[in-house]
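Next come the chains, spelled out residue by residue.
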Amino acid sequence: MRLFVLTLSRLIFMIVGTARRFAWPTVIVLLALAVAGLAYSAHHLRLDSDTDALFARSLPWRQAQIRESRDFPQFDNLLVAVVQAKTPEEARETASALNAALNADKAHFRDSRYPAGSAFYAQQGLLLLPTDQLTKLLTSIIAAQPFLGQLAADPSARGLFTGLSLIAQGVSTGANLTPYRSALEGVQQNLAAAAAGHPEPLSWQSLITGGVGMQNTEFVLTHPRLDQGALEPGGVATAALVRIAASLPDVKAGRATVNYTGQVPLADEQFASLTQGLVVGGIISVLLIALWLFLALRSWRLIMPILATLLLGLALTVSFTAVFIGVINLISVAFAILFIGLAVDFAIQFCVRLRDVRHGVTDLARAIPETARQAGGQIALAATATACGFFAFSPTPFVGVAELGVIAGAGMFIALLCTITFLPALLWLFRPGAEALPVGLPFGAPLDRALQRRRRPVLLMFAVLAMAGAASAATISFDANPLDTKDPHSESMRTLLRLIANPTTNPFYAEALAPNLDAARALQARLGALPEVAGTLSGATFVPEQQAQKLAMLEQVKSILAPTLLAADSPPPAVTASSIRAAMAKAHDGIMQVAKQLPPDSPLLGIAAVLGQLQTASDAEVLAMNAAVTRFLPDELQRLGSSLSPQPITMANLPKGIAADWFLPDGQVRVEAFPTEAAQTSAGLNRFAKAVLEVAPDAGGPAISTIATAETILHSFREAALLAFAAIAVILVVVFRNLRDTLLVLATLTLSALLTALLAKLWGLSINYANIIALPLLLGVGVSFNVYFVMNFRAGMRKFLSSATAQAVLFSALTTSTAFGSLAASHDRGTASMGILLLLSLVAVLIATFIFLPAMLYTLSAQADRRAAMPERNAREA
């Protein structure tokens, strides 16, 4: 094996010498290869924003996801329009109009549906309510019978004010208005807006039902047409939705808003945030790297070859990806910045060592091969160890990271190849000058002396820091919530965060299949009893129990209200401004007569005050108020009449859309469980998922797959870290053939990891899906720097921080931190956290490499010196 290492060193020496002698052919061939590779990549390398493809299909939870997608495909790849309005009626009206427009736009949308707008809910909706809620609602409607009768007989503002007079009469008899407070406040606000010259529609639903079952948010579910070859596959369809929504009357009037969320825009926005600023960030990284190179090399004749070598390596790595992978995913897209940050180290090492050699060897033809002889083996070892840190990902089921590992690992060997071929050829062509002064860090010599004198206190300090790092590593949490890695300011995330507090719209629900309706009801009851569950829903919800009792209740209410809801035999008198004013005056006087019986903040008193203002309004203003007030009244009265005449619900007469959402053809029933607000944290979500699985072991859904994903990632990275550590250890033992030197490198790596954990804890950083990639990479990055120092120690060097190697390591770290810093500035929170953790790990590596490792090496040197001096001392004593 030692013969192999020596052979590799001689091979690198020969390759560098050949590249120098045939500089122009070497440059031309490699550039032609890069151009051909980029041309091939332009037609064969595609971007894949499908997050499901990031994990192996063979995983059990992925198999469950696949089954769910097969059984209920209507819930996949959704673009969800969230319609919110000032009244429930305007929300329904806007959602219905939006749904119709989306269905008509077949160029951008495959289909669209507005589930809550189904006639089923208008006709049968009251049967779906629990008995206690239905009783409360019907009681409220019966109590409003006189009011409803007046509205049915006179559907105008005049009828409303007459009804308010009846409410005032009720107060005089002790009626409780508490259930109607919110509705009366709405009337007050509506009349106040009219008095201010801005009449607004009145919500009759809230007034009639007392707010029971009222909601101002509606959902339209659409499947956009996706362009999987685009950076944002659903971007064009999302823009079409925004354009259509902006044209709707209530949206244009500012009465309704349409926002969007769903799997498609969430994935699009994450990919956009990953790529946003990527070009600018790359340019800034290259410029800053050029600055560090100037400070390290002081010559454009050295800087330009390094930059050209870096770009060539990047082009060849892209070509490799196109040929052997064929796709870049949401994670592997970060390989470019990682390549810039890591691969430049090899070129810097070569050029700084060349400067050091040229201080004594002025002949460039001799200096380039001599540099290869001194540094080639070290660079090859560093490249191999770094690549192992990446390749350790490849056997894991985390496909996205496995592909990144293959790309970046191959990139390290491509960078090595460029460093020993293209770079020497360019250096020969650019002809950098000789060095007049020794190369090294100006502050290195004092640091060397300080570490020699104080090595024991330094090592004791690191022992304390290592223990603190171990304690930090044990307490750092893993954030399993994938939403925490997304930009909270994006449209789809803002919309989702507004909905997440509502259990029924929380995206982290769990679901299971029951064999039949009875089993579904039983499972629903068991899940609903869990403290971690806020509510449940199933196919059985749409075929409710106690239908006979509910139908009897509705029939009774219908018989009571029938005379009320029937139109009068003769139409009401024409609505005029004067007749409305007369009704206003009567309502105002009626309220004032019972004013002493009302609390000071009663909305009735506010209504009376507004009515006083409206008395002086012009006829046009009064009639405009009447039009706004009655806009939704006829439809709401019709809805109320229809809702009192439902038919028994069976599986056979369920609408096809509802049946498809909750039942499989073989009779299985889908059951959903919604988490409590406590489940919004990773720990809470984990408790929710475990509680559901104890009741339904085969349960799936986003909550279950999220926790399973976290477990897959943690297992993958533990496996990758162990593989990387083992591979690095084997490589070092093979090269060093010395256990002590191998343990030196591994101990420094371990300390770097513990310091990273300590710094992350102090920073308040948690581990998540994205930044966990920094941990195994730490092994690859850290070993490169440590190898240089230990190999110099083996060669007899005893002044480590004042050496050219130390200067190369420092400026390599600065260039690497520049690339990682651009990740930290990413608009994507996951990528930004990865950049921050990579920066912290790099700081930890530098501390361990520049302070701990030299202190250890000086300790070993002192021990060796004492052992060497013992024979002489023993001879003198003898």
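Residues numbered from 1 in each chain as written. Predicted model: local features only at pLDDT ≥ 70, side-chain atom pairs only at ≥ 80, totals over all residues. Heavy atoms only, no water.

*Asks:* Tell me what's going on with unusual backbone geometry, and back it up with residues and numbers.
*Replies:* Notably, R431 is not glycine yet its phi reads approximately 55°, a positive angle. For R431, the location among the structural elements is in the loop between α19 (422-430) and α20 (444-453). On the basis of relative accessibility, which here comes to 44%, the residue R431 falls in the partly exposed class. Here Q546, not a glycine, exhibits a phi torsion of approximately 60°, which is positive. Assignment of secondary structure puts Q546 in the loop between β8 (533-538) and α24 (547-565). (Helix = DSSP H or I, 4+ residues; strand = E, 2+ residues; numbered from the N terminus. Buried < 20%, exposed > 50% of the residue type's maximum accessible area, 1.4 Å probe, protein only.)

*Asks:* Break down the pairing of strand β2 (residues 79-85) for me, citing the residues and quoting the values.
*Replies:* Of all the seven residues making up β2, six are buried; the element is thus mostly covered by neighbouring parts of the structure. As judged from the six bridges shared by β2 and strand β4 (residues 217-224), these two strands associate in the antiparallel manner. Each bridged residue has a counterpart across the sheet, and for L79 the counterpart in β4 is T222. Note: β2 against strand β5 (residues 256-261), six bridges, orientation antiparallel. Considered in β5, the bridge of V80 is made with T261. (Pairing = 2+ DSSP bridges.)

*Asks:* Let's hear about the packing of aromatic side chains: which residues, and what values?
*Replies:* In this structure the tally under the stated criterion is 15 aromatic pairs. Here the aromatic cluster, defined as three or more aromatic residues joined through ring pairs, consists of F55, W61, F393, F398 and F717. R20 extends its terminal NZ or CZ atom over the ring of W428, reaching a point 4.7 Å from the ring centre. (Phe/Tyr/Trp six-rings, centres within 6.5 Å; stacked < 30°, edge-to-face > 60°. Lys NZ or Arg CZ within 6 Å of the ring centre and 35° of its normal.)

*Asks:* A description of the environment of L295 should follow, citing residues and the corresponding values.
*Replies:* Tracing the backbone shows L295 in helix α14 (residues 278-297). When the C-alpha atoms of L295 and F811 are compared, they prove to be 8.3 Å apart, with 516 residues separating the residues in sequence.

*Asks:* Could you give an account of the packing of helix α17 (residues 364-391) against α19, with specific residues and numbers?
*Replies:* Relative orientation of the contacting elements α17 and α19 amounts to 160°, with a least axis distance of 11 Å. Put simply, α17 runs roughly antiparallel to α19. Crossing angle aside, the handedness with which α17 passes α19 is right-handed. Packed against α17, whose contacting residues are L364, A365 and I368, the element α19 presents P424, L427 and W428 at the interface. Looking at side-chain class alone, the contact of α17 with α19 contains six nonpolar, no polar and no charged residues. (Axes fitted to C-alpha atoms, helices over the stretch in contact; angles between N-to-C directions. Parallel < 35°, antiparallel > 145°, perpendicular 65-115°, else oblique. Left-handed = near helix turned anticlockwise from the far one by under 90°. Contact = heavy atoms within 4.5 Å. Nonpolar A, V, L, I, M, F, W, Y, C, P; charged D, E, K, R; others polar.)

*Asks:* Quick one: what's the story with the pattern of salt bridges, residue by residue and with numbers?
*Replies:* It is possible for side chains of opposite charge to pair when their charged atoms get near one another. Counting across every chain of the model gives 18 salt bridges. A salt bridge links R255 to E200; its shortest N-O distance comes to 3.2 Å. Of this pair, R255 sits in the loop between α12 (249-252) and β5 while E200 is found in the loop between α9 (181-195) and α10 (204-209), placing the two residues 55 residues apart along the sequence. R255 sits in the buried class, given a relative accessible area of 10%. Among the ionic pairs, R639 bridges to E636, the shortest N-O distance being 4.0 Å. With R639 and E636 both in helix α28 (residues 633-643) and three residues apart, the pair spans about one turn of that helix. Taken together, the salt bridges that share partners define one network made up of E90, E200 and R255. (Salt bridge = Lys/Arg side-chain N within 4 Å of Asp/Glu carboxyl O.)

*Asks:* So what about helix α3 (residues 60-71)? Which residues, and what values?
*Replies:* The first and last C-alpha atoms of α3 sit 17 Å apart over 12 residues, in line with the 16 Å expected at 1.5 Å per residue. Listed as buried for α3 are W61, R62, A64 and Q65. End-on view of α3: buried residues confined to an arc of 155°, all on one side of the axis. The exposed set on the far side of α3, more than 90 degrees from its buried face, consists of P60 and R70. The secondary structure elements touched by the buried residues of α3 are α31 (702-736). (Expected span 1.5 Å × (residues − 1). Arc of directions from axis to C-beta.)

*Asks:* Could you give me a rundown of a positive patch on the surface, with the residues and numbers involved?
*Replies:* Taken together, the side chains of R449, R453, R454 and K799 make up a positively charged region of the molecular surface. Position of R453 among the secondary structure elements: in helix α20. Given a relative accessible area of 58%, R453 falls into the exposed group. (Patch = residues over 30% accessible without salt bridge, like charges linked within 9 Å, V, L, I, M, F, W, Y side chains within 5 Å. Areas by Shrake-Rupley, 256 points an atom, 1.4 Å probe, with all protein chains shown as cover. Lys, Arg positive; Asp, Glu negative; His and termini not counted. Charge placed at Lys NZ, Arg CZ, Asp CG, Glu CD.)

*Asks:* Quick one: what's the story with the packing of helix α25 (residues 577-593) against helix α26 (residues 603-614), residue by residue and with numbers?
*Replies:* Remark: α25 packs on α26, axes separated minimally by 9 Å, with the N-to-C direction vectors making an angle of 145°. Every pair of crossing elements has a handedness; the one defined by α25 and α26 is left-handed. Contacts between α25 and α26 involve M584, A587, H588, I591 and M592 from the former and L604, L605, I607, A608, L611, G612 and L614 from the latter. Its residues assigned to classes, the contact of α25 with α26 comprises 10 nonpolar, two polar and no charged.

*Asks:* Lay out the sheet that holds β8 in plain terms, naming residues and giving numbers.
*Replies:* Reading across the sheet, the three strands line up as β7-β9-β8 and stay open at both edges, with antiparallel pairing between neighbours. Two strands lie at the open edges of the sheet, namely β7 (510-514) and β8, each paired on one side alone. Each neighbouring strand pair of the sheet contributes to a mean axis angle of 20°, computed without reference to strand direction. Where β7 and strand β9 (residues 669-675) come together, five bridges link them in antiparallel fashion. For A512, the partnering residue across the bridge sits in β9 and is V671. Relative to β9, helix α30 (residues 682-695) is tilted by about 145°, and along the sheet it contacts β7, β8 and β9.

*Asks:* Lay out the nonpolar core with the relevant residues and their values.
*Replies:* If you look at the biggest cluster of nonpolar residues, it comprises 249 residues, and the most contacted ones within it are L160, F161, W204 and M625. Residues in contact with L160, not counting those within four places in the same chain, are F147, L151, L202, W204, L207 and V629. In terms of nonpolar packing, the next biggest core, distinct from the first, is built from 17 residues, L79, A95, A237 and L248 among them. (Core = buried A, V, L, I, M, F, W, Y, C linked by side-chain atoms within 4.5 Å.)

*Asks:* Break down the sheet that holds β4 for me, with residues and values.
*Replies:* Read from one edge to the other, the open sheet built from four strands follows the order β3-β4-β2-β5, with strand pairing classed as antiparallel. In this open sheet, the two strands that pair with only one neighbour each are β3 (109-113) and β5. The sheet shows a mean angle of 25° between the axes of neighbouring strands, taken without regard to direction.

*Asks:* For the side chain of E89, give the residues involved together with the corresponding values.
*Replies:* Along the chain, E89 turns up in helix α4 (residues 88-104). For the buried E89, no salt bridge exists, and the shortest N-O distance to an oppositely charged side chain is 4.8 Å, to R92. A distance of 3.1 Å separates polar atoms of two side chains, one belonging to E89 and the other to S203. Side-chain polar atoms of E89 contact the backbone nitrogen of W204, separated by 2.9 Å. Beyond its immediate stretch of four places on either side in the chain, E89 contacts L202, S203, W204, Q205, F632 and E636. (Polar contact = N/O pair within 3.5 Å; in protein donor to acceptor, adjacent residues only side chain to side chain.)

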